[in-house]
Amino acid sequence: MGRADTLPPVIQGGMGVAVSHWRLARTVSQAGGLGVVSGVGPDLLVARMLQDGDPGGHVRRVLASYPDQPYVQATLQRFFRPDGLPPGQPYRPIPKLDLHQKPDAVRLTVLGTYVQVALAKEGHDGPIGINLLEKVQIWTPAALLGAMIAGVDAVLVGAGVPSHLPRLLTSLSRLEPVTLPIDVAGASTEHTITLDPGAVVDGLPPSLSRPAFLAIVSAHVLASYLARSDDTRPDGFVIEGPTAGGHNAPPRRPAVDETGQVAYGPRDVVDLGKVAATGLPFWLAGGYGTPERLADARSQGAAGVQVGTVFALSAESGMRPELRNQLLASLADGTLDVRTDGRASPTGFPFKVAQEPGTVAEPAVVQARERICDLGYLRTPYERDDGSVGYRCPSEPIDAYVKKGGTVENTEGRLCLCNGLLATAGHPQRRPASSGLTEEPPLLTLGQDVDGARTLLSLYPDGWSAADVVAWLLDGARV
Ligand SMILES: Cc1cc2nc3c(=O)[nH]c(=O)nc-3n(C[C@H](O)[C@H](O)[C@H](O)COP(=O)(O)O)c2cc1C
């Protein structure tokens, strides 16, 4: 059974897509924190890293220890391009996972999280976690299996109510077939996905160790609910407040402030006494990225803090360096503006968007972009009249979305997070066009509380490493 009470006081939060990749997580873990890789889009990332020529041979090195070597060879043959892709050539598409869990798509996802976790764990004994989103349920069992084959120490899941995770992890550790109920809009019957580990990966050991499970929640009510039963109880919580980067939980009373941003009120303040009453360890997130806030969190009974923004801006971040430098320059000259956008994310959850030129925060950039959904991680299943299941996303072309029963109102203001975030991480979708090749524009997310980043910028005017962050937090808070 995974133990959460042995996890360190500093957690580097999971940041998709690939902002928290193996290099960042490994650096954090080596410095004494819990490094967390993002588990979003692992199939696409491994395929793209191989098509980029796998510089340094990192992916191929850890693949040599993957149990299913025939599958590794087949994957290398399919995706590895020793010299990278010739200029002007788009990436090769990958099989998409859906409710049917096609073995080809499952295997690539398993391999993808294995690679991220195995690389993050290489060469040290520190703990490594993986972050998944409850909203992206269809990938969950396969993503967990790959991470567990690589020996992941902790699984952190947010963006929903992750009540099935404890049982899922226990069953996967025993290599038993698992079944997960899936939310399908308009469903007249229960829909599930099933994964049988032995049927998709050859050469597995007799069992896998069960990682600790931390549920990322934003309300004490949800923490108490999950803690109540053996079936749903996590090993600990991350309590995330509304200034955190990425997605945020919707406010309990929907409201918009005078600047058009999602507004939070007193009902959104978490009662930490009630969280502590669950008896489970918890970490605080959202504006806790300074030594003073870490000390403050500990004095309120927390085991520590989960921090994102200052790691996203560190040298090991998976954000493209020129975008990271652009954010650091805006921070330095006082123009950095991060908005809590209630429309941007197709999930309907509020999402933090940095208002930077050249990104999809600019209406002109959005207008110039072809509205297209060709990655599909945030598509949600819906039941058609004939009982079959389709997939739709409010960021896809409006006609297509409406034909699938969606409403025009629900498409307004939506951004393509999949393509935007992948472009930020340096693996942009490129498509042939009459004018040559189009490349997806980036989307930048960051937390709204940048006190920590501002202090680090004064300490390290030329930029900082993730190891500097961990040392600064731990030494300053004297933990
Ligand atoms: C660039 C970025 C991407 C993020 N992506 C995710 C994500 O994919 N999943 C998740 O659970 N949290 C995500 N977060 C939230 C962080 O894991 C963390 O909880 C949060 O950033 C903490 O607040 P802070 O930014 O004020 O330090 C993201 C944060 C940032 C800055």
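Residues numbered from 1 in each chain as written. Predicted model: local features only at pLDDT ≥ 70, side-chain atom pairs only at ≥ 80, totals over all residues. Heavy atoms only, no water.

### Re the pairing of strand β11 (residues 338–341)
Side-chain direction in a regular strand flips from residue to residue, so the side chains alternate between the two faces of the sheet.
In step 1: The side-chain alternation of β11 yields one buried face, formed by V338 and T340, and one unburied face, formed by R339 and D341.
In step 2: Judged from the four bridges that link them, β11 and strand β12 (residues 351–354) form a sheet pairing that is antiparallel. Pairing of T340 across the sheet is with K352, part of β12. (Buried < 20%, exposed > 50% of the residue type's maximum accessible area, 1.4 Å probe, protein only. Helix = DSSP H or I, 4+ residues; strand = E, 2+ residues; numbered from the N terminus. Pairing = 2+ DSSP bridges.)

### So, helix α13 (residues 321–332)
One full turn of an α-helix is made of 3.6 residues, so residues set three or four places apart face in the same direction.
In step 1: Taking 1.5 Å of rise per residue, the twelve residues of α13 would be expected to cover 16 Å, and the 16 Å separating its terminal C-alpha atoms lies within 8% of that figure.
In step 2: For α13, the complete set of buried residues consists of L323, R324, L327, L328, S330 and L331. The arc that holds every buried residue of α13, seen down its axis, measures 160°, which confines them to one face.
In step 3: Just downstream of α13 lies G334, where phi reads positive at about 80°. (Expected span 1.5 Å × (residues − 1). Arc of directions from axis to C-beta.)

### Quick word on the pattern of salt bridges
In step 1: The tally for this structure, following the rule as stated, stands at 18 salt bridges.
In step 2: Here D230 ties to R233 by a salt bridge, and the two come within 3.0 Å at their closest N and O atoms.
In step 3: What makes D230 exposed here is its relative accessible area of 63%.
In step 4: What emerges from the salt-bridge pattern is a single network uniting R369, D374, R431 and E440. (Salt bridge = Lys/Arg side-chain N within 4 Å of Asp/Glu carboxyl O.)

### Quick look at the packing of aromatic side chains
In step 1: Under the definition given, this model contains two aromatic pairs.
In step 2: Judged by centre distance (4.8 Å) and plane angle (65°), the ring pair of Y66 and Y114 falls under edge-to-face. With a gap of 48 residues between them, Y66 in the loop between α3 (58–63) and α4 (69–79) and Y114 in helix α5 (residues 103–121) connect regions that are remote in the sequence. When sorted by exposure, Y66 lands in the same class as Y114, which is buried.
In step 3: Relative to Y377, the ring of W139 lies with its centre 4.7 Å away and its plane at 45°, an arrangement referred to as tilted. With W139 in the loop between β3 (128–133) and α6 (140–149) and Y377 in the loop between α14 (363–368) and β13 (380–383), the pair connects residues that are 238 residues apart, well separated along the chain. (Phe/Tyr/Trp six-rings, centres within 6.5 Å; stacked < 30°, edge-to-face > 60°.)

### Thoughts on the packing of helix α1 (residues 22–30) against α5
For any two helices packed against each other, the geometry is given by the interaxial angle and the distance between the axes.
In step 1: Where α1 contacts α5, the axes come no closer than 8 Å and their chain directions differ by 35°. Remark: the crossing between α1 and α5 carries right-handed chirality. Here W22, A25 and R26 of α1 come into contact with α5, specifically with Q116, L119 and A120.
In step 2: Along the lines of polarity and charge, the residues of the contact of α1 with α5 split into four nonpolar, one polar and one charged. (Axes fitted to C-alpha atoms, helices over the stretch in contact; angles between N-to-C directions. Left-handed = near helix turned anticlockwise from the far one by under 90°. Contact = heavy atoms within 4.5 Å. Nonpolar A, V, L, I, M, F, W, Y, C, P; charged D, E, K, R; others polar.)

### A word on helix α18 (residues 466–477)
In step 1: When the terminal C-alpha atoms of α18 are compared, their 17 Å separation across twelve residues agrees well with the 16 Å that a helix rising 1.5 Å per residue should span.
In step 2: All of the buried residues in α18 are A466, V469, V470, W472, L473, L474 and A477.
In step 3: On its buried side, α18 packs onto β1 (10–12), α1, α11 (291–299), β10 (304–307), α12 (309–312) and α17 (451–459).
In step 4: Following α18 by one or two positions, R478 has its phi on the positive side, about 55°.

### Here's the deal with the environment of V275
In step 1: Assignment of secondary structure puts V275 in helix α10 (residues 272–276).
In step 2: Taking the C-alpha atoms as reference points, V275 and R26, separated by 249 residues in sequence, lie 30 Å from one another.
In step 3: Apart from the residues lying within four places of it in its own chain, the contact partners of V275 are H220, A223, F237, I239, V270 and F282.

### Considerations on unusual backbone geometry
In step 1: A cis amide bond links G16 to the next residue, V17, at an omega of -20°.
In step 2: Look at A18: it is not a glycine, yet its phi comes out positive at around 70°.
In step 3: Its place among the elements puts A18 in the loop between β1 and α1.
In step 4: Overall, the relative accessible area of 7% leaves A18 in the buried class.
In step 5: Backbone geometry at D54 places phi at a positive 45°, although glycine is not the residue there.
In step 6: Looking at where D54 falls in the secondary structure, it is placed in the loop between α2 (42–51) and α3.
In step 7: Residue classification places D54 among the buried positions, given a relative accessible area of 3%.

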